[in-house]
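Chain by chain, the residues:
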Amino acid sequence: PPPHPAAATAPPPAPRAGFGTELVLLCRRQLCVLRRAPETMAINAAMACFVAALVGGAFWQMDRSDFDSVLQRIGLLFFLALYFMFTGLISLTMWQTNRLVYFQEHGAGAYGAGPYLLSKTLCDLLPMRILPSLLCAAIVYPMAGLRSADEEGPRAAALFAAALTLSNLSSSAAFNAIGIACRSAASASLLAAAYALLSLLLCGFLVSRRTLESNARNAGWGHPSPPDGASATHGGEPLGYLVFLSYLYPAFELVMSDELLGQTTFIKPLLIDVSAYPIPGAEVMAHFGYETGSCDRLLAAGTQGGCTYTLYLLGCWVVAGILLSYLLLRFCIRDPH
């Protein structure tokens, strides 16, 4: 039989917009959402400034030659890491509330997974992650006196801001992937809390790389003694590489290297009447398991500061989190309806 007249005259389907067009339109929509509800961004920036001023006042002008200042630097970094980790949990609710909207619009062919994820990432990371981190670093660094009087102070301050920002982006990217993978807010919160605790446990301050490798040797899982070629900071045992499961490990190593390498601290006993005992900063770093050997360093013409691989590792954490989010959104997440 001849085809129906309506079917014969039906127009062909409209061609789908390109990646760039979809990205621009989705970014415009995300910016409109931010403009309609600016209180979240404003509160986030205000809280970052308030917490930075509070931390800067608590750790006001630390003395670099006193061993107590080493402990204070550890406390400062640990607190800031906790703060930005907790604020990063906001991204979990974002994916849970927008999940059904994405299923409807993506199922109708409005846009692809790539432009949607990239627009969400760009419009969330810049105002909610990068800006608060930079504000916090700009306030905390001069107030706490973290090498601001040194000739390498400006570069060290830039590296501190980079470590704080990249660690914040890493946690946010990981929480995004968890929020996409989990169907319920409860399961996403549980997994995010477990991930956060694991990152804190392996950051180097609670369980050092040397401790993990020593425990492996004592349990008979590795060499009875450090193998040939092992550095002073770690013995080359495979269990020691667990610290790289934490994005905080390279961030803390970068900042502590900038603060301690090339510096001598003095321990003044409080209960024993003896003179102060000098301890090189490299010795303190070695006890935490951080790298003190030869590498391409970022300060003092390559002789001080953190290794360049710490920045590369932090960047890889950010890229890996975004890539995992895309793979989950593109291939693993399906509309239950």
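Please read these numbers as outputs of a predicted model, since none were measured by experiment.

Novice: Would you mind showing me how to read the overall build of the protein chain here?
Specialist: Secondary structure summary: the protein chain contains 12 helices and four strands in total. The 337 residues of the protein chain split such that 45% are buried. Excluding contacts between residues fewer than 6 apart, the proportion of contacts in the protein chain whose partners are at least 24 apart in sequence is 74%. Accessible area of the protein chain: about 17000 Å², with a carbon and sulfur share of 68%.

Novice: Explanation requested: the side chain of Glu-291 in the structure shown.
Specialist: Position of Glu-291 relative to the elements: it lies in the loop between α11 (281–288) and β3 (297–299). Despite being buried, Glu-291 has no salt bridge partner; Arg-297 is the closest side chain of opposite charge, sitting 5.2 Å away. A polar atom in the side chain of Glu-291 sits 2.9 Å from the backbone nitrogen of Gly-293.

Novice: How should helix α8 (residues 185–201) be read in this particular structure?
Specialist: Given 3.6 residues to a turn, an α-helix orients residues that are three or four positions apart in the same direction. Relative to the 24 Å expected for 17 residues at 1.5 Å per residue, α8 spans 24 Å between its end C-alpha atoms, a close match to the ideal helical length. Residues of α8 that are buried include every one of Ala-188, Ala-192, Tyr-195, Ala-196, Ser-199 and Leu-200, and no others. For α8, the angular spread of buried residues about the axis comes to 135 degrees, placing them on one side. Exposed side of α8, more than 90 degrees from the buried face: Ala-186, Leu-190 and Leu-197 are the residues found there.

Novice: What should I look at first to understand the pattern of salt bridges in this one?
Specialist: When their charged atoms lie close together, side chains carrying opposite charge are able to pair. Counted under the stated rule, the structure contains three salt bridges. A salt bridge links Glu-213 to Arg-209; the nearest nitrogen and oxygen atoms lie 3.6 Å apart. Remark: Arg-209 and Glu-213 occur in helix α9 (residues 209–218); sequence separation between them is four residues, near one turn of the helix. Like Arg-209, Glu-213 is buried.

Novice: Help me understand a nonpolar patch on the surface, please; the structure alone is not making it clear to me.
Specialist: Where nonpolar side chains cluster on the molecular surface, the patch consists of Leu-198, Leu-201, Leu-206, Leu-242 and Leu-245 and spans about 410 Å² of accessible area. Within the secondary structure, Leu-245 sits in the loop between α9 and α10 (248–260).

Novice: Looking at this structure, how should I read unusual backbone geometry?
Specialist: One can expect most non-glycine residues to show negative phi and most peptide bonds to be in trans. Located in the positive-phi region is Gln-61, a residue other than glycine, with phi close to 45 degrees. Note that Gln-61 resides in the loop between α3 (39–58) and α4 (67–87).

Novice: It is not clear to me how the nonpolar core should be interpreted in this structure. Could you clarify?
Specialist: Grouped burial of nonpolar side chains is what soluble globular proteins tend to show. Counting residues in each nonpolar core, the largest one holds 58 residues, and the members touching the most others are Leu-76, Phe-160, Phe-205 and Met-256. Each residue touching Phe-160, except ones within four places of it in the same chain, is listed here: Leu-76, Leu-77, Leu-80, Ala-137, Val-140, Tyr-141, Leu-146 and Val-255.

Novice: Hey, could you run me through the environment of Gln-72 in this one?
Specialist: For Gln-72, the position within the fold is in helix α4. Along the sequence, Gln-72 and Ala-144 sit 72 residues apart, while their C-alpha atoms lie 9.7 Å from each other.

Novice: Explain helix α7 (residues 153–181) to me, please; I cannot follow it from the model alone.
Specialist: Its 29 residues place the ends of α7 42 Å apart at the C-alpha level, agreeing with the 42 Å of an ideal helix rising 1.5 Å per residue. Within α7, 23 of the 29 residues are buried, which leaves it mostly tucked inside the rest of the structure.

Novice: Mind showing me how you'd approach the packing of α7 against α10 here?
Specialist: In helix packing, the relevant descriptors are the interaxial angle and the interaxial distance, both defined with respect to the helix axes. For the pair α7 and α10, the least separation of the axes is 10 Å and the interaxial angle reads 170 degrees. By the angle class used here, α7 and α10 are roughly antiparallel. Relative to α10, α7 is oriented so that their crossing is left-handed. Contacts between α7 and α10 pair Ala-156, Leu-159, Phe-160, Ala-163 and Ser-167 from the former with Leu-248, Ala-251, Leu-254, Val-255 and Asp-258 from the latter. When grouped by side-chain class, the residues that make up the contact of α7 with α10 number eight nonpolar, one polar and one charged.

Novice: Looking at this model, I keep getting lost on the state of the cysteines. Mind explaining?
Specialist: Each disulfide consists of one covalent bond between the sulfur atoms belonging to two cysteines. Enumeration according to the criterion identifies one disulfide in this entry. With a sulfur-sulfur separation of 1.9 Å, Cys-295 is cross-linked through a disulfide to Cys-307. Its S-S torsion of about -75 degrees marks the bond between Cys-295 and Cys-307 as left-handed, since a negative value means left-handed. Placement of the pair is Cys-295 in the loop between α11 and β3 and Cys-307 in strand β4 (residues 304–307), with a sequence separation of 12 residues. The class of Cys-295 is partly exposed, set by a relative accessible area of 27%. Left without a disulfide partner, Cys-136 is nearest to the cysteine sulfur of Cys-49, which lies 8.5 Å away.

Novice: Looking at this structure, how should I read the packing of α4 against helix α6 (residues 113–144)?
Specialist: α6 packs onto α4 with a crossing angle of 160 degrees between their chain directions and a minimal axis gap of 12 Å. With respect to α6, the element α4 is oriented roughly antiparallel. Considering only the axes of α4 and α6, their crossing is right-handed. Mapping the contact onto sequence places Leu-76, Leu-80, Phe-84 and Thr-87 in α4 and Arg-129, Pro-132, Ser-133, Cys-136, Val-140 and Ala-144 in α6. Of the residues contributing to the contact of α4 with α6, the split by class is seven nonpolar, two polar and one charged.

Calculation criteria
- Residues numbered from 1 in each chain as written.
- Predicted model: local features only at pLDDT ≥ 70, side-chain atom pairs only at ≥ 80, totals over all residues.
- Heavy atoms only, no water.
- Helix = DSSP H or I, 4+ residues; strand = E, 2+ residues; numbered from the N terminus.
- Buried < 20%, exposed > 50% of the residue type's maximum accessible area, 1.4 Å probe, protein only.
- Contact = heavy atoms within 4.5 Å.
- Areas by Shrake-Rupley, 256 points an atom, 1.4 Å probe, with all protein chains shown as cover.
- Lys, Arg positive; Asp, Glu negative; His and termini not counted.
- Salt bridge = Lys/Arg side-chain N within 4 Å of Asp/Glu carboxyl O.
- Polar contact = N/O pair within 3.5 Å; in protein donor to acceptor, adjacent residues only side chain to side chain.
- Expected span 1.5 Å × (residues − 1).
- Arc of directions from axis to C-beta.
- Patch = residues over 30% accessible without salt bridge, like charges linked within 9 Å, V, L, I, M, F, W, Y side chains within 5 Å.
- Core = buried A, V, L, I, M, F, W, Y, C linked by side-chain atoms within 4.5 Å.
- Axes fitted to C-alpha atoms, helices over the stretch in contact; angles between N-to-C directions.
- Parallel < 35°, antiparallel > 145°, perpendicular 65-115°, else oblique.
- Left-handed = near helix turned anticlockwise from the far one by under 90°.
- Nonpolar A, V, L, I, M, F, W, Y, C, P; charged D, E, K, R; others polar.
- Disulfide = S-S within 2.5 Å.

Don't take any of this as a statement about function, it's just geometry.
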